[in-house]
Amino acid sequence: MGETGARTSMTNKNSHPPVDGPLSGIVTLLTDFGIDDPFVGMVKGVLLARFPEAKLVDLSHSVPARDVRHGAFWLARTHGWFPAGTVHLAVVEPGLRAAPRAVAARVGLHYFVGPNNGLLSTTIDQAARAGSSPIEVREIDLGRFAPGKSSPSRSHHGRDLYAPVAADLAAGRLPLSQVGELLEDVARSPIPQAHKRMKMIEGEIVFVDHFGNLVTNVDARMIEEMPNATAYVQKRAIPMADSYFDVDPGEYVALINSLGTLEIARRDSHAGSSLGVGQGATVVVG
Amino acid sequence: MGETGARTSMTNKNSHPPVDGPLSGIVTLLTDFGIDDPFVGMVKGVLLARFPEAKLVDLSHSVPARDVRHGAFWLARTHGWFPAGTVHLAVVEPGLRAAPRAVAARVGLHYFVGPNNGLLSTTIDQAARAGSSPIEVREIDLGRFAPGKSSPSRSHHGRDLYAPVAADLAAGRLPLSQVGELLEDVARSPIPQAHKRMKMIEGEIVFVDHFGNLVTNVDARMIEEMPNATAYVQKRAIPMADSYFDVDPGEYVALINSLGTLEIARRDSHAGSSLGVGQGATVVVG
Amino acid sequence: MGETGARTSMTNKNSHPPVDGPLSGIVTLLTDFGIDDPFVGMVKGVLLARFPEAKLVDLSHSVPARDVRHGAFWLARTHGWFPAGTVHLAVVEPGLRAAPRAVAARVGLHYFVGPNNGLLSTTIDQAARAGSSPIEVREIDLGRFAPGKSSPSRSHHGRDLYAPVAADLAAGRLPLSQVGELLEDVARSPIPQAHKRMKMIEGEIVFVDHFGNLVTNVDARMIEEMPNATAYVQKRAIPMADSYFDVDPGEYVALINSLGTLEIARRDSHAGSSLGVGQGATVVVG
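Asks: Is there a simple way to think about the relation of the copies chain C and chain A in this case?
Replies: Superposing the two chain copies requires a rotation about an axis and a translation along that axis. Note on the copies: chain C fits chain A at an RMSD of 0.0 Å, the axial shift is 0.0 Å, and the rotation between them is 120°. Considering both components of the superposition, the chain copies are consistent with a three-fold axis. Residues of chain C ranked by C-alpha distance from the rotation axis are headed by K55 of chain C, positioned 5.2 Å from it. Comparing interface residues between copies, only 3% of those in chain C also sit at the interface in chain A, which points to a heterologous contact through distinct surfaces.

Asks: It is not clear to me how the sheet that holds strand β5 (residues 110-115) of chain A should be interpreted in this structure. Could you clarify?
Replies: The pairing of strands in a sheet comes from backbone hydrogen bonds and takes either a parallel or an antiparallel form. All names here are of chain A. Within the open sheet, the six strands sit side by side as β2-β1-β3-β5-β4-β6. Their pairing is mixed. Each edge of the open sheet carries a strand with a single partner, namely β2 (55-60) and β6 (135-139). Taking each pair of neighbouring strands and ignoring which way they run, the sheet shows an average axis angle of 20°. One ladder, built from five bridges, connects strand β4 (residues 102-107) with β6; its direction is antiparallel. Its bridge partner lying in β6, A105 is registered against V137. Strands in contact with helix α5 (residues 157-171) are β1 (26-31), β3 (87-91), β4 and β5; relative to β3, the strand with the most contacts, it is inclined by about 170°.

Asks: Mind showing me how you'd approach unusual backbone geometry here?
Replies: Leaving glycine aside, a negative phi is the common case for residues, and trans is the common case for peptide bonds. Even without being a glycine, D268 of chain A presents a positive backbone phi close to 60°. Mapped onto the elements of the fold, D268 of chain A is located in the loop between β13 (261-266) and α7 (271-275). Residue D268 of chain A is classed as partly exposed on the basis of its relative accessible area, which comes to 36%. With phi around 70°, K235 of chain B is a residue other than glycine that occupies positive phi space. Turning to its location among the elements, K235 of chain B is positioned in the loop between β10 (230-233) and β11 (236-239). Judged by relative accessible area, K235 of chain B falls into the exposed class, the value being 82%.

Conventions we followed
Residues numbered from 1 in each chain as written. Chains lettered and ligands numbered in written order. Predicted model: local features only at pLDDT ≥ 70, side-chain atom pairs only at ≥ 80, totals over all residues. Heavy atoms only, no water. Least-squares fit on C-alpha atoms with pLDDT ≥ 70 in both. Contact = heavy atoms within 4.5 Å. Pairing = 2+ DSSP bridges. Helix = DSSP H or I, 4+ residues; strand = E, 2+ residues; numbered from the N terminus. Axes fitted to C-alpha atoms, helices over the stretch in contact; angles between N-to-C directions. Buried < 20%, exposed > 50% of the residue type's maximum accessible area, 1.4 Å probe, protein only.

None of the figures reported here should be taken as evidence of function without further support.
Here it is, written out as structure tokens:
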């Protein structure tokens, strides 16, 4: 359970791991379990059995099945609205032949528990780019937290592995330093970074929201450096504006959304259906 | 922040505004955000960051997108089942060219926070007709509660404006009197009132519920004045009964539902699909 | 309110009813109400009005409408993950001509409130087979808990009858012994038991989960007695394995799932759609 000592470039430069901060008692849940089946309910049962004072909040259980990049984006863009000291339990786990590789992490003042498959890496990258947050990532010691799992198929990792660790972290009885070994690196998320090429930004649609708006991976800061930009989706030029309502009903508009990224909307309508594009489609700004 | 003094006919006749009552610590949420996206989660994050002891309860996030009348009906018919001193956060906001006009209100022993677009007016009208509840409606002072919102598009009003006000009201640290100026009138909801014409009641279907039952805007009290009435939907005569089970399986029945309004059901079946009618269709009782 | 005295073979052999154990303050909710309509919200309002400290957890509100067997299976297989002293409020009520027959029960260290229509009987049978849990089932005294319900149609039993009883039990102010008379027997669930015939197990699909996996009623213990077994669905032979990932993508696999029953899955795919089978289809193991 000792530390390997060396911190990687991914983590911050402090020679000592950060001391665990005050805890909010909140555990958020982000999964691809859906809410029809009682799988989320069982996770909550375990959380409350181990930490009866836990305040549980659903972030979403509608990550498309096995879509790690989608979950990674949501986690990175939304966890910061919760109080410092919140534990975020995230499970989107597309399949393992072997034992799971599970991680617990601290990024700034927030804690994360989930699979080491890229789900947390967008959050970590975002914090690493910002440069100021202490980052500490540890591999969960399965021998300690999931002992005697003879039949992997019977195991519901959200319930049997991640929930106990999240509950104990949130309750303050498990310091992050005791979860397991420091990790040199975490699995990468498949979310591509939006990038600049020839004065143009190339990004892509990460998901289509409930209202049909196309949410992209182009961060607001990239747009801010390009006054008078226009967005392009399938060669259609879409003007940038401050608000959905700077255009007439039925018109397309590009704007910075409440997640802090570029979004393509169609006023009072469903842009995704109208344009016939969805997740993964290219968006260019220039 | 001072009061304008005069109370309007919409509000009660007390010359002094009601003193804030005891608070339950509960905040309910009613939106058209859906639960797939993490937008509701962010609202809850802000509520808990400002008021960690808040007890959050989802009323529904499935108000059809931008359907203010639907949300207004649900809010009016369901809020009363919560304890006195509950704050109801309701957001169905079909689009604004300008800054939002936001209100906070007390109706009887309940508090409400949301847009001034008709979403609250069915609740207020209902209380005004009953005549006994103190009613106080105030426009939220945006300069104070949403300062420096330079880019309206980045703003998620549920998260950035309504949640902070709701949290502070529920926590008891923001008296309603300090939210902003008293409002002379609130925006009207587009829900038509059921009305009597030639001894017949004319109403309409407000929504089709999960079981396919047609929920109307005809209040139980109107029906009680008409013993031996029959309901008519698309010229089909449907007998009134006390219960779904006073008719045989597959038969239609009209009854007073648990929301206190007239409902058309088809026993063990889906009345909406069977009759081919939905929201807005006319229902006559006579 | 006195006891009938004799305990039936369904219940345990103790001559004294069990003493109520410590309570967790948690109330879980399992219904077929869906989450679009605000019916669940009203139930929670009543629970919190009567027991403000209640911790409410949704088990699922997506039991298919009126599908008692589906709800019964979920309740039996999932309640045990919650802490001892939890009250489980379950409502799937396909229709009553007369007053509801409502029950409250203790099974082991868990409490249950709901209709006497089979929804609780799978849980009770499961505990009775295990043999060790104290079981106590009482019919809720409607004269006491639902007085003056003149119009049954206006009643939302989840809200008006089951929620008050569940809240009072969870709050510790209503001992189970005061809920009503001991019941000699409860209504049976229509879930058939998987059974052995000619060295083969015959079971059926109870539901298709969010990922398309076919969940059956064949308990893990029946399978454990049959090493080297193969599962058959529509004459297709499906090999047993320990995990979804013991087969290649696109291949079918049979395994013991996290609910403790046999499940048929198709790796990285939707077994239900692929096989064209659903609830009620026969599964054979041999």
